[in-house]
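# Survey of secondary and tertiary structure
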Protein chains: 4
Amino acid sequence: MNKTISIIGGDLRIVKLTELLIKDDFKVYTYGVENADELTESKNLIKCNSIKEVVDSSNIILGPMPLSIDRKNLSAPFSEEKIDIDTVIEEMSNKNKTFIAGQILDNIAEKLQKGKITYIDLLKREELVVLNTISTAEGTIQLAMEETQRTIHGSKILVMGFGRVGKVLAKMLYGIGAEVSCEARKDSDIAWIKAYGYTPVHLSELEGKLGEYDIIINTIPFLILDENRLNYIKKDCTVIDLSSNPGGVDRKAAREKNLKVIWALSLPGKVAPLTSAQFIQETLYHILKEM
Amino acid sequence: MNKTISIIGGDLRIVKLTELLIKDDFKVYTYGVENADELTESKNLIKCNSIKEVVDSSNIILGPMPLSIDRKNLSAPFSEEKIDIDTVIEEMSNKNKTFIAGQILDNIAEKLQKGKITYIDLLKREELVVLNTISTAEGTIQLAMEETQRTIHGSKILVMGFGRVGKVLAKMLYGIGAEVSCEARKDSDIAWIKAYGYTPVHLSELEGKLGEYDIIINTIPFLILDENRLNYIKKDCTVIDLSSNPGGVDRKAAREKNLKVIWALSLPGKVAPLTSAQFIQETLYHILKEM
Amino acid sequence: MNKTISIIGGDLRIVKLTELLIKDDFKVYTYGVENADELTESKNLIKCNSIKEVVDSSNIILGPMPLSIDRKNLSAPFSEEKIDIDTVIEEMSNKNKTFIAGQILDNIAEKLQKGKITYIDLLKREELVVLNTISTAEGTIQLAMEETQRTIHGSKILVMGFGRVGKVLAKMLYGIGAEVSCEARKDSDIAWIKAYGYTPVHLSELEGKLGEYDIIINTIPFLILDENRLNYIKKDCTVIDLSSNPGGVDRKAAREKNLKVIWALSLPGKVAPLTSAQFIQETLYHILKEM
Amino acid sequence: MNKTISIIGGDLRIVKLTELLIKDDFKVYTYGVENADELTESKNLIKCNSIKEVVDSSNIILGPMPLSIDRKNLSAPFSEEKIDIDTVIEEMSNKNKTFIAGQILDNIAEKLQKGKITYIDLLKREELVVLNTISTAEGTIQLAMEETQRTIHGSKILVMGFGRVGKVLAKMLYGIGAEVSCEARKDSDIAWIKAYGYTPVHLSELEGKLGEYDIIINTIPFLILDENRLNYIKKDCTVIDLSSNPGGVDRKAAREKNLKVIWALSLPGKVAPLTSAQFIQETLYHILKEM
């Protein structure tokens with residue numbers, strides 16, 4: 001396995017990852033993390049002074065996750081500088097480089113292809129997506145603990161959607177001692193919910209049950225808790241919405257009804273940067289071994 | 001929902017199902033279960049005297065699961081008679097009937113189509129397949145309890161394959177207190193195994209680990225424990241093979257090595273006929289509602 | 001069951017309890033919670049203007065939990081006033097009153113006896129002590145989530161002491177997916193730890209194992225993690241001490257070694273006041289039924 | 001630790017224990033297990049020809065568990081011979097021997113004292129009693145699987161009594177996926193049942209609930225399911241009674257009501273002799289270390 005890597009930009013997870021790689025005898029070239037005080041000195045850690053230097057130092061270039069927030073510059077919260085994506089791509093072009101980052105949008109992918117750069121989107125690696133659900137589930141539980149005056153233990157909790165996050169979240173809530181119901185629309189998901197020992201709620205019976213829960217957690221990526229359904233929810237219920245923009249809850253209607261709704265996004269990086277770094281490391285090693 | 005149904009042949013699960021349907025106010029016509037003493041008299045239970053009578057009495061005809069063992073006659077362990085499949089199909093033909101049974105082979109399906117009979121294979125209903133894994137998993141645990149001199153609790157157990165049965169089985173073994181390892185070949189399955197809290201074993205590291213386990217349970221449907229791999233297994237390990245013909249274990253080699261291998265098939269009907277009947281009932285109702 | 005009660009002082013749990021009692025058709029007289037905005041108006045809620053009034057209104061007087069922090073006045077965080085314990089006792093004396101509160105110290109108990117007041121210490125009710133462990137355990141988990149950069153899932157966690165809190169805490173941590181070890185000194189506790197499926201660590205082997213854990217949680221009520229033992233702990237381990245004054249960790253030594261130690265006390269009231277109120281309510285009903 | 005031991009009589013557990021001790025470099029002298037084919041030859045296994053020889057060969061003498069069934073001879077199912085307890089005691093007397101066995105009745109204890117023999121009752125060692133609950137719980141689950149036509153998963157099960165066996169049994173049943181209720185009479189046990197996540201049933205509400213269960217398992221050591229209470233149980237419920245003579249169920253009344261009652265005793269030795277042997281070994285080592 002190739003043990004030289006260049007890392008550009010990135011948040012706390014990438015900083016932690018840098019440390020894990022150095023501990024594991026990697027030689028790491030960095031750029032765009034100059035304010036990360038956590039990075040301890042090491043002979044295997046070389047802080048580069050230019051994009052050209054960091055790119056030329058290794059064949060594997062690791063970018064941020066997600067790659068960019070503004071769609072123009074690399075995401076680099078530990079740097080004062082703006083790191084233009086196009087400049088980085090230009091520097092990597094036609095040099096036999098492999099670029100690894102998270103959430104590479106189509107227009108960027110096109111430019112990478114033009115530059116004959118092999119690229120791998122970390123967030124399309126199923127194993128990382130699955131591992132991230134662990135952090136997401138725990139972050140959600142932490143939020144539920146902080147934002148309610150009850151214990152999870154003994155609370156009646158509805159998890160909406162039985163996809164990856166729904167499965168791991170239900171397991172943990174159950175493990176703490178909650179009374180867990182899971183909502184799904186497919187008969188086979190309902191069968192899985194039974195097999196795992198949770199109370200199944202078919203979408204068709206949702207309205208009749210919504211009033212029972214102390215906490216409702218949505219993982220469905222479209223407007224499922226619309227104005228009408230919100231009417232059925234208990235006044236002192238806490239709703240946590242994990243689905244990304246535009247979210248699964250009619251927020252305006254919820255405000256009018258005075259319901260407590262928390263919109264929680266990007267939990268893995270926030271609640272457990274070290275564990276997240278370990279998950280990225282594991283996935284990175286799979287990628288390096290496959291090369 | 002149509003509450004009249006004709007039932008031909010079938011094992012103890014179908015007999016139990018008959019009782020459940022009658023309790024639920026169905027009118028049930030039967031044929032080919034004359035020796036099922038369990039069936040209590042009821043005004044809603046009509047025992048027919050001929051195939052023609054039972055077929056003509058309802059639009060829904062429920063057959064056995066699996067449909068046939070000898071590929072010629074309906075499976076009917078509670079009957080002295082041979083019930084020829086072709087005769088049944090002929091009787092149903094061109095009468096707008098719906099035929100529901102388990103494991104309808106292609107040549108039978110063809111004949112049903114020719115007779116313009118709508119047919120539904122119960123064992124292609126994902127919800128029933130999932131629910132059946134519950135019975136399969138429990139039956140496997142019962143076997144492991146009966147066939148070993150150890151408790152499941154504290155035993156080191158390897159589940160090979162992380163498909164439907166593997167998932168439910170691992171959960172139950174863990175719930176009893178076993179040290180559960182799960183083998184898989186895909187990185188994403190390894191991630192799931194971690195997420196669920198079991199010890200992951202990648203196929204590539206299998207040989208090195210096989211010697212650790214007290215019990216090995218295979219769910220992979222091809223020869224995975226070949227002669228070479230069997231060499232690594234502990235002498236007092238018990239191997240349970242759940243995969244259907246030809247099975248996942250080289251049985252001849254295992255015998256020569258004096259390893260204890262148990263080949264366990266069709267557990268749901270054997271270990272929990274009542275629960276299995278309830279699962280079929282649930283699936284049947286989904287089908288009837290969709291009609 | 002007598003459904004009239006007087007409540008003096010108390011924290012958010014007692015305020016929540018007041019609401020639960022009113023919902024359950026109790027007539028409640030209060031004093032010393034005038035700043036509790038949460039208390040909604042109700043014909044069954046009577047706010048009294050003097051100690052005499054509140055005491056004379058019912059035969060059952062409920063005090064705070066714990067009764068007092070400064071050993072002189074009732075604990076009454078929702079009041080501007082100082083409520084002298086002696087005054088309350090005097091007012092209750094020789095009137096056939098029953099006084100219920102938490103943690104009634106010996107000198108107070110003596111005064112209550114002199115005044116011929118029946119008294120019950122809520123924190124000596126085993127069922128409440130057990131129920132409170134649920135809140136304590138969850139509060140500890142919330143802390144661990146907030147104060148570490150890892151997920152609980154997959155972390156190696158040592159719970160020291162296998163008493164009430166240890167038992168419930170270990171169960172929840174395990175339910176989230178931690179690798180849970182439990183320390184105890186009695187062979188029978190070690191047997192219980194095995195029976196519950198955690199990794200047992202006998203006190204005699206503690207030093208050799210301390211270096212393995214990401215998180216160590218102490219429930220033992222005396223100095224167990226002394227300067228010597230602290231030497232064995234990993235640098236990035238988080239230590240949470242749940243044992244009350246003087247605590248189970250040599251805090252000074254820990255500071256010198258730059259170890260992260262969190263001293264967490266009185267979690268139930270802080271993290272889950274509503275659930276705690278329900279637990280007090282349940283215990284109160286047992287008491288009232290026994291009268 | 002003294003690694004020489006003499007073993008007289010005993011069932012399959014003691015035979016397995018003998019093998020475990022030899023594997024662990026003990027020198028073992030045996031008498032009264034001549035028909036145990038499982039015992040493999042070893043230079044550390046010496047089969048003695050007389051009681052005198054086996055007693056004189058070590059200072060530690062291990063007897064059966066339980067010591068005797070007929071109160072006259074040692075329990076020795078692997079021997080053709082009768083081994084009179086009095087003869088063994090006489091042989092050990094005044095020679096500084098330590099005698100270890102299970103369930104040493106008072107009259108035997110008296111004789112041992114007279115002979116100045118140190119004796120230890122294994123079944124009074126709390127750690128062994130706790131460990132045995134694991135085997136008892138699993139044996140009960142195996143029975144429930146064999147004797148019902150349902151899966152444990154999804155069944156409504158009542159565990160009566162929340163002592164040692166009740167606790168471990170409830171945990172395992174829950175782990176398989178049963179809906180577990182636990183009956184107790186003390187408020188603090190009810191609190192524990194809640195803390196562990198089972199449904200609590202107070203003795204005072206038992207009659208009203210008895211009709212709900214598919215399986216009822218009694219661990220209470222006196223007649224709790226009397227004729228009156230049996231009236232409330234569902235006709236197709238399976239009752240398993242784990243309490244020793246006279247048992248917790250009015251068996252005569254149950255027969256008249258045609259209820260299925262299984263009386264299950266001494267499960268550890270029957271269902272998991274190897275695990276039981278390991279538990280005895282562990283306890284034996286504790287004893288030897290304490291000497």
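Regular strands show a simple pattern: their side chains alternate between the two faces of the sheet. One ladder, built from 4 bridges, connects strand 5 (residues 98-101) of chain D with strand 6 (residues 118-121) of chain D; its direction is parallel. When the sheet's bridge partners are listed, Phe99(D) is paired in strand 6 of chain D with Tyr119(D).

Time to look at the relation of the copies chain D and chain B. With an axial shift of 0.0 Å and an RMSD of 0.1 Å, the rotation relating chain D to chain B amounts to 180 degrees. What the superposition gives is, in effect, a two-fold axis relating one chain to the other. In terms of C-alpha distance to the rotation axis, chain D has Gly175(D) as its closest residue, with the C-alpha 1.8 Å off the axis. By residue overlap, the copies meet face to face through one surface: 100% of the interface positions of chain D are interface positions in chain B.

With that settled, the discussion passes to the sheet that holds strand 8 (residues 179-184) of chain B. Residue and element names in this part refer to chain B. Across the sheet, which stays open at both edges, the 6 strands sit in the order 9-8-7-10-11-12 with parallel pairing between neighbours. In this open sheet, the two strands that pair with only one neighbour each are strand 9 (199-202) and strand 12 (260-263). Averaged over all pairs of adjacent strands, the angle between their axes in this sheet comes to 20 degrees, without regard to strand direction. Alignment of strand 11 (residues 238-241) against strand 12, held across 4 bridges, turns out to be parallel. Bridge pairing in strand 12 links Thr238 to Lys260. Relative to the sheet, helix 5 (residues 126-147) contacts strand 10 (215-218), strand 11 and strand 12, its axis offset from that of strand 11 by approximately 155 degrees. Packing of helix 7 (residues 187-195) onto the sheet brings it into contact with strand 8 and strand 9, and relative to strand 9 it is tilted by some 165 degrees.

With that settled, the discussion passes to the pattern of salt bridges. Scanning the entire structure with this criterion turns up 80 salt bridges over all chains. One salt bridge in this structure joins Lys156(A) and Glu179(A), with 3.1 Å as the shortest N-O distance. With Lys156(A) in strand 7 (residues 156-160) and Glu179(A) in strand 8 (residues 179-184), this pair connects stretches of sequence that are 23 residues apart. Looking at Lys156(A), the relative accessible area reads 35%, which means it is partly exposed. The closest approach of N and O atoms between Asp86(D) and Lys111(D), which form a salt bridge, is 3.0 Å.

Quick look at the interface of chain C and chain A now. With 25 residues of chain C at the interface, the matching set in chain A holds 25 residues. When the two sides are added together, the surface that chain C and chain A hide from each other amounts to roughly 2300 Å², 55% of it contributed by carbon and sulfur. It is Glu138(C), Met145(C) and Gln149(C) in chain C that bury the most area against chain A; as a group they hold 29% of the surface buried on that side. For the pair chain C and chain A, the interface holds 10 residue pairs in polar contact (both at pLDDT 80 or more).

The transform that puts chain C on chain A rotates by 180 degrees and translates by 0.0 Å along the axis, for an RMSD of 0.1 Å. Most of the interface of chain C is mirrored in chain A, where 100% of its interface residues again form contacts.

Before going further, it helps to examine the nonpolar core. Counting 267 residues, the largest nonpolar core has Leu173(A), Leu173(B), Leu173(C) and Leu173(D) as the members making the most contacts within it. Apart from the residues within four sequence positions on either side, Leu173(D) is in contact with Ile141(D), Ile152(D), Ile157(D), Val159(D), Ala178(D), Val180(D) and Ile217(D).

For the rest of this paragraph, the subject is the packing of helix 5 (residues 126-147) of chain A against helix 12 (residues 273-290) of chain A. All names here are of chain A. Viewed as axis vectors pointing N to C, helix 5 and helix 12 meet at an angle of 170 degrees, and their least axial separation amounts to 10 Å. Between helix 5 and helix 12, the interaxial angle falls into the category roughly antiparallel. Taking contact as the criterion, the partners of Glu127, Leu128, Leu131, Asn132, Ile134 and Ser135 in helix 5 are, on helix 12, Ser276, Phe279, Ile280, Glu282, Thr283 and His286. Tallied by class, the residues present in the contact of helix 5 with helix 12 amount to 5 nonpolar, 5 polar and 2 charged.

With that settled, consider the packing of aromatic side chains. The geometry of an aromatic ring pair is captured by the separation of the ring centres together with the interplanar angle, meaning the angle of the planes. Tallying each qualifying case throughout the model produces 28 aromatic pairs over all chains. With a centroid separation of 5.5 Å and 0 degrees between ring planes, the pair formed by Tyr174(A) and Tyr174(D) is classed as stacked. Here the residue Tyr174(A) occupies a position in helix 6 (residues 164-176), and Tyr174(D) occupies one in helix 6 (residues 164-176), the pair thus bridging two chains. Relative accessible area serves as the criterion here: at 17%, Tyr174(D) is assigned to the buried category. Judged by centre distance (5.5 Å) and plane angle (80 degrees), the rings of Tyr174(D) and Tyr198(D) are edge-to-face. Here Tyr174(D), found in helix 6, pairs with Tyr198(D), found in the loop between helix 7 (187-195) and strand 9 (199-202); they are 24 residues apart in sequence, far enough to count as distant. The burial state of Tyr174(D) is the same as that of Tyr198(D); both residues are buried. The cationic tip of Arg251(A) hangs over the ring face of Trp263(A); the distance from NZ or CZ to the ring centre is 3.7 Å.

What follows concerns helix 12 (residues 273-290) of chain D. Its 18 residues give helix 12 of chain D an end-to-end C-alpha distance of 26 Å, which sits within 8% of 26 Å, the value for a rise of 1.5 Å per residue. Counted residue by residue, helix 12 of chain D has 14 buried out of 18 residues, so it is predominantly covered.

What follows concerns the environment of Ala109(B). Residues and elements named next belong to chain B. With respect to the secondary-structure elements, Ala109 resides in helix 4 (residues 106-114). For Ala109, a relative accessible area of 9% gives the class buried. Between the C-alpha atom of Ala109 and that of Asp121, which follows or precedes it by 12 residues, the distance is 9.5 Å. Beyond its immediate sequence surroundings of up to four residues, Ala109 is in contact with Ile104 and Tyr119.

With that settled, consider the confidence of the model for chain A. Summarising the model, chain A shows a mean pLDDT of 95, and 100% of its residues fall at 70 or more. The ipTM assigned to the predicted complex is 0.92, against a pTM of 0.94.

This part is about the interface of chain D and chain B. Listed per partner, the contact involves 25 residues of chain D and 25 residues of chain B. Taken as a group, Glu138(D), Met145(D) and Gln149(D) account for 30% of the area that chain D buries against chain B, more than any other trio of residues on that side. The tally of links from chain D across to chain B stands at 0 salt bridges. When contributions to the side of chain D that touches chain B are tallied by element, the ones reaching two or more residues are helix 1 (12-23), helix 5 (126-147), helix 6 and helix 12 of chain D. Top contributing element to the side of chain D that touches chain B by residue count: helix 5 of chain D, with 7 residues. Among the residues making up the side of chain D that touches chain B, the classes are represented as 11 nonpolar, 9 polar and 5 charged.

We now examine the packing of helix 7 (residues 187-195) of chain C against helix 5 of chain D. Any two packed helices are characterised by how steeply their axes cross, that is the angle between the axes, and by the distance between the axes. Packing of helix 7 of chain C against helix 5 of chain D leaves a shortest axis separation of 7 Å and a crossing angle of 10 degrees. With respect to each other, helix 7 of chain C and helix 5 of chain D are oriented roughly parallel. Of the residues in helix 5 of chain D, those in contact with Asp187(C), Ser188(C), Ala191(C), Trp192(C), Lys194(C) and Ala195(C) of helix 7 of chain C are Glu126(D), Glu127(D), Val130(D), Leu131(D) and Ile134(D). Across the contact of helix 7 of chain C with helix 5 of chain D, the residue classes tally to 6 nonpolar, 1 polar and 4 charged.

In this model, Asn245(A) is joined to Pro246(A) through a cis peptide bond whose omega is 5 degrees. Relative to the helices and strands, Pro246(A) resides in the loop between strand 11 (238-241) and helix 10 (251-256). With an omega of 0 degrees, the peptide bond running from Met65(B) to Pro66(B) counts as cis. Within the secondary structure, Pro66(B) sits in the loop between strand 4 (60-62) and helix 3 (85-92). Positive phi, close to 65 degrees, is recorded for Asn258(A), a residue that is not glycine. Tracing the backbone through its elements, the reader meets Asn258(A) in the loop between helix 10 and strand 12 (260-263). The exposure class assigned to Asn258(A) is exposed, which follows from its relative accessible area of 67%.

Calculation criteria
Residues numbered from 1 in each chain as written. Chains lettered and ligands numbered in written order. Predicted model: local features only at pLDDT ≥ 70, side-chain atom pairs only at ≥ 80, totals over all residues. Heavy atoms only, no water. Pairing = 2+ DSSP bridges. Helix = DSSP H or I, 4+ residues; strand = E, 2+ residues; numbered from the N terminus. Least-squares fit on C-alpha atoms with pLDDT ≥ 70 in both. Contact = heavy atoms within 4.5 Å. Axes fitted to C-alpha atoms, helices over the stretch in contact; angles between N-to-C directions. Salt bridge = Lys/Arg side-chain N within 4 Å of Asp/Glu carboxyl O. Buried < 20%, exposed > 50% of the residue type's maximum accessible area, 1.4 Å probe, protein only. Buried area = accessible area lost by both parts, 1.4 Å probe. Polar contact = N/O pair within 3.5 Å; in protein donor to acceptor, adjacent residues only side chain to side chain. Core = buried A, V, L, I, M, F, W, Y, C linked by side-chain atoms within 4.5 Å. Parallel < 35°, antiparallel > 145°, perpendicular 65-115°, else oblique. Nonpolar A, V, L, I, M, F, W, Y, C, P; charged D, E, K, R; others polar. Phe/Tyr/Trp six-rings, centres within 6.5 Å; stacked < 30°, edge-to-face > 60°. Lys NZ or Arg CZ within 6 Å of the ring centre and 35° of its normal. Expected span 1.5 Å × (residues − 1). pLDDT = per-residue confidence, 0-100.

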